[in-house]
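Each chain, written out:
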Amino acid sequence: MKKVLLVVAMAITGFFSFAQTTWKSDKGHSQLKFDITHLGVSTVSGAFSDFEATVTSTKPDFKDASFQLTAQTASVNTGIERRDNHLKSADFFDAAANPVISFKSNSIRKAGKNKYKLAGDLTMHGITKPITMDLWYRGTVTNPMSKKEVTGFRATGNINRADFGIGPKFPAVSISETVTIIADGEFGKQ
(Lines give C-alpha, C1' and ligand atoms only; values in the text may rest on other atoms or scores of the structure.)
Protein backbone atom coordinates (compact mmCIF):
# COMPACT_ATOMS: atom_id res chain seq x y z
CA MET A 1 0.00 0.00 0.00
CA LYS A 2 2.84 2.43 0.85
CA LYS A 3 4.41 1.76 -2.56
CA VAL A 4 1.11 2.50 -4.31
CA LEU A 5 0.74 5.80 -2.41
CA LEU A 6 4.34 6.72 -3.26
CA VAL A 7 3.75 6.06 -6.98
CA VAL A 8 0.53 8.12 -6.91
CA ALA A 9 2.31 10.98 -5.10
CA MET A 10 5.14 10.91 -7.65
CA ALA A 11 2.65 10.92 -10.53
CA ILE A 12 0.79 13.90 -9.05
CA THR A 13 4.07 15.76 -8.46
CA GLY A 14 5.14 15.04 -12.03
CA PHE A 15 1.80 16.27 -13.35
CA PHE A 16 2.03 19.54 -11.47
CA SER A 17 5.66 20.14 -12.45
CA PHE A 18 4.53 20.19 -16.10
CA ALA A 19 1.15 21.81 -15.34
CA GLN A 20 2.20 25.13 -16.79
CA THR A 21 5.64 26.61 -16.82
CA THR A 22 6.32 30.26 -17.58
CA TRP A 23 9.58 31.46 -19.13
CA LYS A 24 10.56 35.16 -19.38
CA SER A 25 12.93 36.69 -21.89
CA ASP A 26 16.45 37.54 -20.73
CA LYS A 27 17.01 41.08 -22.05
CA GLY A 28 20.77 40.64 -22.21
CA HIS A 29 20.49 37.60 -24.46
CA SER A 30 17.47 38.35 -26.64
CA GLN A 31 16.92 40.45 -29.76
CA LEU A 32 13.96 41.69 -31.78
CA LYS A 33 15.21 42.73 -35.23
CA PHE A 34 13.88 43.53 -38.68
CA ASP A 35 15.25 43.86 -42.22
CA ILE A 36 13.79 45.88 -45.08
CA THR A 37 15.05 46.54 -48.60
CA HIS A 38 15.87 50.10 -49.68
CA LEU A 39 15.61 50.95 -53.41
CA GLY A 40 15.78 47.24 -54.17
CA VAL A 41 19.56 47.17 -53.77
CA SER A 42 20.38 47.26 -50.06
CA THR A 43 19.09 45.89 -46.79
CA VAL A 44 18.52 48.18 -43.83
CA SER A 45 18.38 46.47 -40.45
CA GLY A 46 16.87 47.71 -37.23
CA ALA A 47 15.82 46.50 -33.82
CA PHE A 48 13.57 47.30 -30.91
CA SER A 49 15.71 47.60 -27.79
CA ASP A 50 12.87 47.70 -25.24
CA PHE A 51 10.73 44.56 -25.35
CA GLU A 52 9.51 41.71 -23.16
CA ALA A 53 8.41 38.23 -24.10
CA THR A 54 6.98 35.28 -22.21
CA VAL A 55 6.46 31.65 -23.13
CA THR A 56 4.11 29.31 -21.27
CA SER A 57 3.92 25.59 -21.86
CA THR A 58 2.83 22.37 -20.18
CA LYS A 59 5.11 20.21 -22.37
CA PRO A 60 8.90 19.96 -22.05
CA ASP A 61 9.24 20.06 -25.87
CA PHE A 62 7.05 23.22 -26.03
CA LYS A 63 4.65 21.67 -28.55
CA ASP A 64 1.76 23.43 -26.79
CA ALA A 65 3.62 26.68 -26.09
CA SER A 66 1.97 30.08 -26.02
CA PHE A 67 4.03 33.20 -26.79
CA GLN A 68 3.41 36.84 -25.91
CA LEU A 69 5.58 39.81 -26.79
CA THR A 70 5.35 43.56 -26.28
CA ALA A 71 7.80 46.09 -27.69
CA GLN A 72 8.00 49.81 -27.06
CA THR A 73 7.67 51.42 -30.49
CA ALA A 74 9.87 54.38 -29.55
CA SER A 75 12.78 52.00 -28.88
CA VAL A 76 13.28 51.43 -32.63
CA ASN A 77 16.98 51.66 -33.47
CA THR A 78 18.62 51.44 -36.89
CA GLY A 79 21.89 53.04 -35.85
CA ILE A 80 20.99 56.33 -37.57
CA GLU A 81 19.31 58.81 -35.21
CA ARG A 82 17.69 60.84 -38.01
CA ARG A 83 16.16 57.70 -39.55
CA ASP A 84 15.04 56.46 -36.12
CA ASN A 85 13.26 59.76 -35.45
CA HIS A 86 11.57 59.51 -38.86
CA LEU A 87 10.45 55.93 -38.11
CA LYS A 88 8.93 57.12 -34.81
CA SER A 89 6.98 59.86 -36.63
CA ALA A 90 3.47 59.71 -38.08
CA ASP A 91 5.02 58.82 -41.46
CA PHE A 92 5.77 55.33 -40.11
CA PHE A 93 5.10 53.90 -36.63
CA ASP A 94 3.56 57.02 -35.07
CA ALA A 95 5.07 56.03 -31.72
CA ALA A 96 3.28 58.82 -29.83
CA ALA A 97 -0.16 57.47 -30.79
CA ASN A 98 0.86 53.80 -30.94
CA PRO A 99 3.43 53.26 -28.18
CA VAL A 100 3.29 49.45 -28.11
CA ILE A 101 3.73 46.69 -30.68
CA SER A 102 2.39 43.33 -29.49
CA PHE A 103 2.17 39.71 -30.57
CA LYS A 104 0.05 36.98 -29.00
CA SER A 105 0.15 33.46 -30.36
CA ASN A 106 -3.02 31.45 -30.83
CA SER A 107 -1.65 28.19 -32.28
CA ILE A 108 1.53 26.21 -32.70
CA ARG A 109 2.04 23.16 -34.89
CA LYS A 110 4.95 20.81 -35.43
CA ALA A 111 6.91 21.36 -38.67
CA GLY A 112 9.91 19.07 -38.12
CA LYS A 113 12.44 18.27 -35.42
CA ASN A 114 12.44 21.26 -33.04
CA LYS A 115 10.63 23.29 -35.74
CA TYR A 116 7.15 24.75 -35.50
CA LYS A 117 4.74 27.08 -37.26
CA LEU A 118 3.68 29.74 -34.78
CA ALA A 119 0.50 31.65 -35.61
CA GLY A 120 -0.89 34.62 -33.78
CA ASP A 121 -2.05 38.22 -33.88
CA LEU A 122 0.40 41.07 -34.42
CA THR A 123 -0.76 44.54 -33.41
CA MET A 124 1.21 47.45 -34.81
CA HIS A 125 0.26 51.02 -35.68
CA GLY A 126 -3.19 50.38 -34.17
CA ILE A 127 -3.92 47.51 -36.59
CA THR A 128 -4.15 43.82 -35.67
CA LYS A 129 -3.49 41.14 -38.30
CA PRO A 130 -2.85 37.40 -38.15
CA ILE A 131 0.69 36.30 -38.98
CA THR A 132 2.56 32.99 -39.05
CA MET A 133 6.22 32.66 -38.11
CA ASP A 134 8.75 29.85 -38.41
CA LEU A 135 9.83 28.88 -34.89
CA TRP A 136 12.98 26.98 -34.00
CA TYR A 137 13.18 25.54 -30.49
CA ARG A 138 16.92 25.64 -29.78
CA GLY A 139 16.87 23.59 -26.59
CA THR A 140 16.81 23.87 -22.82
CA VAL A 141 19.97 23.87 -20.70
CA THR A 142 21.14 24.78 -17.22
CA ASN A 143 23.08 28.03 -17.11
CA PRO A 144 26.43 27.12 -15.49
CA MET A 145 26.68 30.52 -13.80
CA SER A 146 23.20 30.91 -12.32
CA LYS A 147 22.37 27.18 -12.14
CA LYS A 148 18.92 28.04 -13.51
CA GLU A 149 17.18 26.49 -16.51
CA VAL A 150 17.08 28.53 -19.72
CA THR A 151 15.54 27.80 -23.09
CA GLY A 152 15.97 29.39 -26.49
CA PHE A 153 13.86 30.13 -29.55
CA ARG A 154 14.35 31.83 -32.91
CA ALA A 155 11.27 33.08 -34.76
CA THR A 156 11.46 34.38 -38.32
CA GLY A 157 8.89 35.51 -40.82
CA ASN A 158 7.74 38.20 -43.20
CA ILE A 159 5.00 40.78 -42.90
CA ASN A 160 3.70 43.38 -45.30
CA ARG A 161 4.14 46.87 -43.83
CA ALA A 162 1.21 48.14 -45.92
CA ASP A 163 -1.12 45.75 -44.07
CA PHE A 164 -0.35 47.76 -40.93
CA GLY A 165 -0.45 51.22 -42.51
CA ILE A 166 3.30 51.71 -42.03
CA GLY A 167 4.88 54.24 -44.41
CA PRO A 168 1.98 54.67 -46.86
CA LYS A 169 3.70 57.68 -48.51
CA PHE A 170 6.68 55.53 -49.47
CA PRO A 171 6.11 53.23 -52.46
CA ALA A 172 7.54 49.70 -52.62
CA VAL A 173 10.12 50.81 -55.21
CA SER A 174 11.57 53.08 -52.50
CA ILE A 175 11.13 50.86 -49.43
CA SER A 176 10.02 47.26 -49.84
CA GLU A 177 6.62 46.34 -48.50
CA THR A 178 8.05 43.05 -47.23
CA VAL A 179 9.67 43.29 -43.82
CA THR A 180 11.55 40.33 -42.38
CA ILE A 181 11.26 39.83 -38.63
CA ILE A 182 13.96 37.99 -36.67
CA ALA A 183 13.36 37.36 -32.97
CA ASP A 184 16.03 35.51 -30.98
CA GLY A 185 15.23 34.83 -27.38
CA GLU A 186 16.79 33.24 -24.35
CA PHE A 187 14.19 32.65 -21.66
CA GLY A 188 14.61 31.96 -17.96
CA LYS A 189 12.30 29.57 -16.15
CA GLN A 190 10.12 31.37 -13.59
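Because the structure is a prediction, the values reported are computed rather than measured. (Residues numbered from 1 in each chain as written. Predicted model: local features only at pLDDT ≥ 70, side-chain atom pairs only at ≥ 80, totals over all residues. Heavy atoms only, no water.)

Novice: Provide a residue-level description of the packing of aromatic side chains, including the pertinent values.
Specialist: Each aromatic ring pair is summarised here by two numbers: the centre-to-centre distance and the angle between the ring planes. Counted under the stated rule, the structure contains nine aromatic pairs. Judged by centre distance (5.7 Å) and plane angle (45 degrees), the rings of F34 and F48 are tilted. Separated by 14 residues along the polypeptide, F34 in strand β2 (residues 31-38) and F48 in strand β3 (residues 42-48) bring together distant segments of the chain. For the pair shown, F34 and F48 are each scored as buried. On the basis of an interplanar angle of 20 degrees and a centroid distance of 4.9 Å, the ring pair of F92 and F170 is categorised as stacked. Placement of F92 in the loop between α2 (81-88) and β7 (100-112) and of F170 in the loop between β10 (149-160) and β11 (175-189) is noted, with a sequence separation of 78 residues between them. Judged by its relative accessible area of 22%, F170 falls in the partly exposed class. In textbook terms, an aromatic cluster arises when at least three aromatic residues are bridged by ring pairs, as seen for W23, F62, F67, Y137, F153 and F187. (Phe/Tyr/Trp six-rings, centres within 6.5 Å; stacked < 30°, edge-to-face > 60°. Helix = DSSP H or I, 4+ residues; strand = E, 2+ residues; numbered from the N terminus. Buried < 20%, exposed > 50% of the residue type's maximum accessible area, 1.4 Å probe, protein only.)

Novice: Residue-level account of the environment of M133, with values.
Specialist: Within the secondary structure, M133 is located in strand β9 (residues 127-142). Sequence spacing of M133 and I159 is 26 residues, and the spatial spacing of their C-alpha atoms is 9.5 Å.

Novice: Outline the environment of K63, listing residues and values.
Specialist: Among the structural elements, K63 can be located in the loop between β4 (51-57) and β5 (66-72). Of the residues examined, K63 reaches a relative accessible area of 46% and is grouped as partly exposed. Excluding anything up to four places from it in sequence, K63 contacts I108 and Y116. (Contact = heavy atoms within 4.5 Å.)

Novice: Lay out the side chain of T78 in plain terms, naming residues and giving numbers.
Specialist: Take T78: it is sitting in the loop between β6 (76-77) and α2. Using a relative accessible area of 13% as the deciding quantity, one classes T78 as buried. Here the side chain of T78 touches D84 through a polar contact of 2.6 Å, side chain to side chain. Excluding anything up to four places from it in sequence, T78 contacts F34, S45, G46, R83, D84 and L87. (Polar contact = N/O pair within 3.5 Å; in protein donor to acceptor, adjacent residues only side chain to side chain.)

Novice: Just give me the short version of the pattern of salt bridges, but keep the residues and values in it.
Specialist: A full pass over the atoms with the stated rule returns seven salt bridges. A salt bridge links E52 to K27; its shortest N-O distance comes to 4.0 Å. A residue pair is termed long-range when its members are at least 10 positions apart, and E52 in strand β4 and K27 in the loop between β1 (21-25) and β2 qualify at 25 residues. Here the salt bridges do not stand alone but share partners, grouping K27, D50 and E52 into one network. (Salt bridge = Lys/Arg side-chain N within 4 Å of Asp/Glu carboxyl O.)

Novice: Any chance you could break down the environment of A155 for me, citing the residues and the numbers?
Specialist: Of note, A155 is situated in strand β10. Residue classification places A155 among the buried positions, given a relative accessible area of 11%. If sequence neighbours within four positions are ignored, A155 has contacts with M133, D134, L135, I181, I182 and A183.

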